[in-house]
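Take a look at the letters that make up each chain.
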Amino acid sequence: MSKRWITILLLAFALGMGLKLYLNTTEQTEATTNTSAIFSQGTNQSFDLYNQRDSRTRIVYFGFTRCPDVCPTSLAMLAGALNQLEPNIIEQFSPIFISLDPDRDSGELAHQYAQYFHPALNGLSADMATTESIANRYGVIFKKTELPESELKYTLDHNSYFYFLKPDGTLITKVPHTLSPAPILHAIQTITDQGK
């Protein structure tokens, strides 16, 4: 093989390795960038859903403050479960309500709404792009339905689950809408037992 071909092959190899290194670095940067999900918790207060310095398991519920029945019922069941736990168990969990209606629910409003149900419950809101991204990640389905005859103008149809997440956002389990705190308590107990 001539020196010219050897040189061409070496250059092609170096170029290929450089491209591979660049793509790997880009992927790592994108992965690092995507490890945060910043929400507003109120005036000048932000909350990172994936803050790994916070080792608590997240219990996330997606809804909206003007929801007439499903959200209040679900959050009441979550509050009922939290009220049955010892303080040292509650400290291991971060219950969170995320609004699917950021056009009407500011972080402050979402947080005030959540606090009506339980003092440990954080209410969060973000722009629609962030909201849709997080909702899509966990299979949350929601759709705006116009209400032309109502002062509300529209409502949101959405599925109703409690998502139990690791600090990095990994889904541990999900509990469907319930009319009893028991399934939520069972999931909390299972996760607590696995952590021992």
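Described below are features of the structure shown in this document. (Residues numbered from 1 in each chain as written. Predicted model: local features only at pLDDT ≥ 70, side-chain atom pairs only at ≥ 80, totals over all residues. Heavy atoms only, no water.)

## What to know about the side chain of R58
Mapped onto the fold, R58 is located in strand β3 (residues 57-63). The charged side chain of R58 is buried without a salt bridge, its nearest counter-charge being D54 at 4.0 Å. At a separation of 3.0 Å, a polar atom in the side chain of R58 contacts the main-chain carbonyl oxygen of L49. Within the structure, R58 has its side chain in polar contact with the backbone oxygen of R56 (distance 2.5 Å). (Helix = DSSP H or I, 4+ residues; strand = E, 2+ residues; numbered from the N terminus. Buried < 20%, exposed > 50% of the residue type's maximum accessible area, 1.4 Å probe, protein only. Lys, Arg positive; Asp, Glu negative; His and termini not counted. Salt bridge = Lys/Arg side-chain N within 4 Å of Asp/Glu carboxyl O. Polar contact = N/O pair within 3.5 Å; in protein donor to acceptor, adjacent residues only side chain to side chain.)

## Overview of the sheet that holds strand β4 (residues 93-99)
Taken in spatial order, the 5 strands make up an open sheet running β5-β4-β3-β8-β9, and their pairing is mixed. Only two strands of the sheet have a single neighbouring strand rather than two, namely β5 (122-124) and β9 (171-176). Going from strand to strand, the sheet's axes swing by 25° on average, the running direction of each strand aside. Relative to β9, helix α6 (residues 182-195) is tilted by about 160°, and along the sheet it contacts β3, β4, β8 (161-165) and β9. (Pairing = 2+ DSSP bridges. Axes fitted to C-alpha atoms, helices over the stretch in contact; angles between N-to-C directions. Contact = heavy atoms within 4.5 Å.)

## So, the pairing of β3
The buried count for β3 comes to 7 of 7 residues, which makes it a mostly enclosed element. Because side chains alternate across β3, one face comprises the buried residues T57, I59, Y61 and G63, and the other comprises R58, V60 and F62, equally buried. Judged from the 7 bridges that link them, β3 and β4 form a sheet pairing that is parallel. Within β4, the residue paired with G63 across the bridge is S99.

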